[in-house]
There are 2 protein chains.
Amino acid sequence: MENIFTDEYFMRIALSEAKNAFDAGEIPVGAVVVVNNQIIAKTHNLTEMLNDVTAHAEMQAITASANNLGGKYLHNCTLYVTLEPCQMCAGALYWSQISKVVYGAADEKRGYVALGANLHPKTKVLRGVLENECAQLMLDFFKKRR
Amino acid sequence: MENIFTDEYFMRIALSEAKNAFDAGEIPVGAVVVVNNQIIAKTHNLTEMLNDVTAHAEMQAITASANNLGGKYLHNCTLYVTLEPCQMCAGALYWSQISKVVYGAADEKRGYVALGANLHPKTKVLRGVLENECAQLMLDFFKKRR
């Protein structure tokens, strides 16, 4: 039987969260956290609504996952996020010791790679899943705002 | 008239917050945010109590300050924190565009300097205020836990 629970499957759910952010006037980034093919957190960027620079999709996903699991370490968890994490989110992911991070579009200016920040050495990274769709949503957002 | 509102004055308040963390079994880091000599946030690390790796003193201080000010940018604000921020907190401070960061003890292993993370180019940094007292509290905490 075909496995429907591919990286694209979960990234598409993160992308639908990003579209919710878009519709709410937030920079369109969405995230889900998955354990054993089960989604334990589904979030999007809320920096405008909460008036809080720390309210990135990933930060909320980390907090929600820890609440859900009853422990602060995200071992055996995979984060799917539509945009490359910034250094704040990379730092939070570092502390969480999350097993895997999958992201869509690269952020060549403010992403953790360009800024020299680090994930945990145990964390596996997969880049570029649904990259074009994730990037296009960001482009559409900033075009609309100009 | 002598100015009582020195960097040491506010760092001592951050240090008393760090002691509250110590007493609660949390890694003893405390923070205050100050605007025009007025404290708008006073927080300490709550990662154990909240079971949340994102609950560092600085992260809560940033969120509380933004709530207090009614805006997400911390222009004209100074953060006093007893320990050098990690890359997550440096990343959050970057987004906040905070005017000044004053810290006590260096964190040579997990601090943002060692990890190559960046504060905002507009942010001034002052290191080493009450350094010995801030560092000693950390040493006492980890000695007690061994």
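Everything below is about the structure shown above.
This one's a predicted model, so the numbers in the text were calculated from it and none came from an experiment. (Residues numbered from 1 in each chain as written. Chains lettered and ligands numbered in written order. Predicted model: local features only at pLDDT ≥ 70, side-chain atom pairs only at ≥ 80, totals over all residues. Heavy atoms only, no water.)

*Asks:* Can you help me understand the relation of the copies chain A and chain B in this one?
*Replies:* One copy of the chain maps onto the other through a rotation about an axis plus a displacement along that axis. The transformation that overlays chain A on chain B combines an axial shift of 0.0 Å with a rotation of 180°, and the residual RMSD is 0.0 Å. Here the copies are linked by what is in effect a two-fold axis. Residue M88 of chain A, judged by its C-alpha, is the member of chain A lying nearest the rotation axis, at 1.9 Å. Most of the interface of chain A is mirrored in chain B, where 100% of its interface residues again form contacts. (Least-squares fit on C-alpha atoms with pLDDT ≥ 70 in both. Contact = heavy atoms within 4.5 Å.)

*Asks:* Help me understand the packing of helix α1 (residues 7-23) of chain B against helix α5 (residues 131-145) of chain B, please; the structure alone is not making it clear to me.
*Replies:* Two measures define how a pair of helices packs: the angle their axes make with one another and the distance between the axes. Residues and elements named next belong to chain B. At their nearest, the axes of α1 and α5 sit 10 Å apart, and the two run at 5° to each other. Overall, the two elements α1 and α5 adopt an arrangement that is roughly parallel. For the pair α1 and α5, contact is made by M11, R12, L15, A18, K19 and F22 and by E133, C134, L137, D140, F141 and K144, respectively. Of the residues assigned to the contact of α1 with α5, the class counts are seven nonpolar, no polar and five charged. (Axes fitted to C-alpha atoms, helices over the stretch in contact; angles between N-to-C directions. Helix = DSSP H or I, 4+ residues; strand = E, 2+ residues; numbered from the N terminus. Parallel < 35°, antiparallel > 145°, perpendicular 65-115°, else oblique. Nonpolar A, V, L, I, M, F, W, Y, C, P; charged D, E, K, R; others polar.)

*Asks:* Quick question: what am I supposed to make of the environment of S16 of chain A here?
*Replies:* All names here are of chain A. Here S16 is to be found in helix α1 (residues 7-23). S16 gets classed as partly exposed once you look at its relative accessible area, which sits at 35%. The sequence separation of S16 and A64 amounts to 48 residues, and the corresponding C-alpha distance is 18 Å. At a separation of 2.9 Å, a polar atom in the side chain of S16 contacts the main-chain carbonyl oxygen of I13. (Buried < 20%, exposed > 50% of the residue type's maximum accessible area, 1.4 Å probe, protein only. Polar contact = N/O pair within 3.5 Å; in protein donor to acceptor, adjacent residues only side chain to side chain.)

*Asks:* Help me understand the interface of chain A and chain B, please; the structure alone is not making it clear to me.
*Replies:* Interface size, as often reported, equals the accessible area lost upon joining of the parts. Across the contact, 30 residues belong to chain A and 30 residues belong to chain B. Counting each side, the surface lost to burial between chain A and chain B is near 2500 Å², with a carbon and sulfur contribution of 57%. Three residues, V53, K72 and W95 of chain A, lead the burial of chain A against chain B; their summed loss comes to 29% of the area buried on that side. Counting across the interface, chain A meets chain B through two salt bridges. The tally of links from chain A across to chain B stands at 14 residue pairs in polar contact (both at pLDDT 80 or more). (Buried area = accessible area lost by both parts, 1.4 Å probe. Salt bridge = Lys/Arg side-chain N within 4 Å of Asp/Glu carboxyl O.)

*Asks:* In this structure, what is going on with the pattern of salt bridges? I would like to understand it.
*Replies:* Two side chains carrying opposite charge are able to pair once their charged atoms lie near each other. Residues and elements named next belong to chain B. Tallying each qualifying case throughout the model produces five salt bridges over all chains. E133 is paired through a salt bridge with R12; the nearest N and O atoms lie 2.9 Å apart. With E133 in helix α5 and R12 in helix α1, this pair connects stretches of sequence that are 121 residues apart. For E133, a relative accessible area of 35% corresponds to the partly exposed category.

*Asks:* Hey, could you run me through the sheet that holds strand β5 (residues 124-127) of chain A in this one?
*Replies:* To summarise the sheet geometry, strands pair through backbone hydrogen bonds and adopt either a parallel or an antiparallel arrangement. All names here are of chain A. Strand order across the open sheet formed by five strands is β2-β1-β3-β4-β5, with mixed pairing between neighbours. Edge positions in the open sheet fall to β2 (38-44) and β5, since each of these has one partner strand only. Strand-to-strand twist across the sheet, computed as the mean angle between neighbouring axes with direction ignored, equals 15°. Strand contacts of helix α3 (residues 57-69): β1 (30-35), β2 and β3 (78-83), with the helix running at about 145° to β2, the strand carrying the most contacts. (Pairing = 2+ DSSP bridges.)

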